[in-house]
Amino acid sequence: MLKRNLAELSVADGKLYRDAMARYAGHVQLVTTAHAGARRGVAVTAACSVSDSPPTVLVCLNHNNEKNQIFFESGVFALNSLAAHHQPLSHAFSGLENLSMEERFAQGNWETLVTGAPALVDAIATYDCRIVKLVPHATHTIMIGEVAALRLGGHEPALVYMDRSYRTL
Ligand SMILES: Cc1cc2nc3c(=O)[nH]c(=O)nc-3n(C[C@H](O)[C@H](O)[C@H](O)COP(=O)(O)O)c2cc1C
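Per chain, residue numbering runs from 1 following the sequence as it is written. Confidence filtering applies because this is a predicted model: local features only for residues at pLDDT of at least 70, side-chain atom pairs given and counted only at 80 or more, and all residues used for totals across whole chains, interfaces and linings. Side-chain measures here rest on the full set of heavy atoms in the structure, leaving out hydrogens and waters.

1. Comments concerning the packing of aromatic side chains
Let me state the cut-off plainly: Only Phe, Tyr and Trp rings take part, Trp by its six-membered ring, and two of them pair if their centres are within 6.5 Å. Stacked means planes under 30 degrees apart, edge-to-face means over 60, and tilted covers everything else. A run of H or I in DSSP becomes a helix once it reaches four residues, and a run of E becomes a strand once it reaches two; helices and strands are each numbered from the N terminus. Partly exposed residues are those whose accessible area sits between 20% and 50% of the maximum for their type, while under 20% is buried and over 50% is exposed, using a 1.4 Å probe and protein chains only. Any Lys NZ or Arg CZ that is within 6 Å of a ring centre and within 35 degrees of that ring's normal is treated as a charge sitting over the ring.
Inspection of the entire model under this criterion finds 4 aromatic pairs. Ring centres of Phe 93 and Phe 105 lie 5.1 Å apart, and the angle between their planes is 85°; on these two criteria the pair is classed as edge-to-face. Of this pair, Phe 93 sits in the loop between α4 (87–92) and α5 (101–105) while Phe 105 sits in helix α5, and the two are 12 residues apart along the sequence. Geometrically, the ring pair formed by Tyr 161 and Tyr 166 is edge-to-face, given 5.0 Å between the ring centres and 75° between the ring planes. Exposure remark for Tyr 161: the relative accessible area of 33% places this residue in the partly exposed category. For Tyr 166, a relative accessible area of 22% translates into the label partly exposed. Ring-pair connections join several aromatic residues into one group, and the members of that group are Phe 93, Phe 105 and Trp 110. For Arg 39, the ring lying beneath its charged end belongs to Phe 105, and the centroid distance is 4.3 Å.

2. Notes on the pairing of strand β4 (residues 47–52)
Selection rule: Being paired, for any two strands, means DSSP has found at least two bridges between them.
Judged from the 5 bridges that link them, β4 and strand β5 (residues 55–62) form a sheet pairing that is antiparallel. In the sheet register, Asp 52 faces β5, and the bridge partner there is Pro 55.

3. Things to note about unusual backbone geometry
Most peptide bonds take the trans configuration, and most residues that are not glycine carry a negative phi. A cis amide bond, omega -5°, links Ser 53 with the succeeding residue Pro 54. Its place among the elements puts Pro 54 in the loop between β4 and β5. Positive phi outside glycine occurs at Ala 36, with the angle close to 50°. If you trace the backbone, Ala 36 turns up in the loop between β2 (29–35) and β3 (38–44). Even without a glycine there, the phi angle at Arg 164 is positive, about 60°. With respect to the helices and strands, the residue Arg 164 is situated in the loop between β11 (159–162) and β12 (165–168).

Below, the structure is given as structure tokens:
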């Protein structure tokens, strides 16, 4: 049994990798930006802290999706950490219903902090960032952002994605 697992691990198998990553429990966040009169938001789990000195976060975005170029052009993003009650908002921003950006943003209340990126008013936390580095690798670009402004929301249960479905923590 152990041998079989090791053999599987040695194969560069995208499906096996995706099945393994499905077991990763990730806090769902909305990464947003605004540029040249347009807004965009994307539901992500590939985002985390880099450093507290200076406060810095990273987000991995699929650059094969042409629509994500606006993030790299704007030079700013806001990372909005979602609460359990934001599940419909996450669904809208995951592109599964093919809604326009206006329809997606209409499902939440937004304002701006310092950079001009849309900040979700009732997020658990919002990290308003200036991009300091873009690191393209394979299908994704790692956006490293220094936190220009930060807003803390309430202490609420977090929206988590694991085993290809939403959970609450
Ligand atoms: C739970 C969840 C997590 C996701 N995490 C990421 C991520 O970390 N990075 C990414 O580029 N896309 C991620 N996606 C996919 C994007 O949300 C999706 O491709 C995008 O919203 C499609 O937008 P579009 O229809 O405007 O092209 C995730 C989707 C879901 C449902």
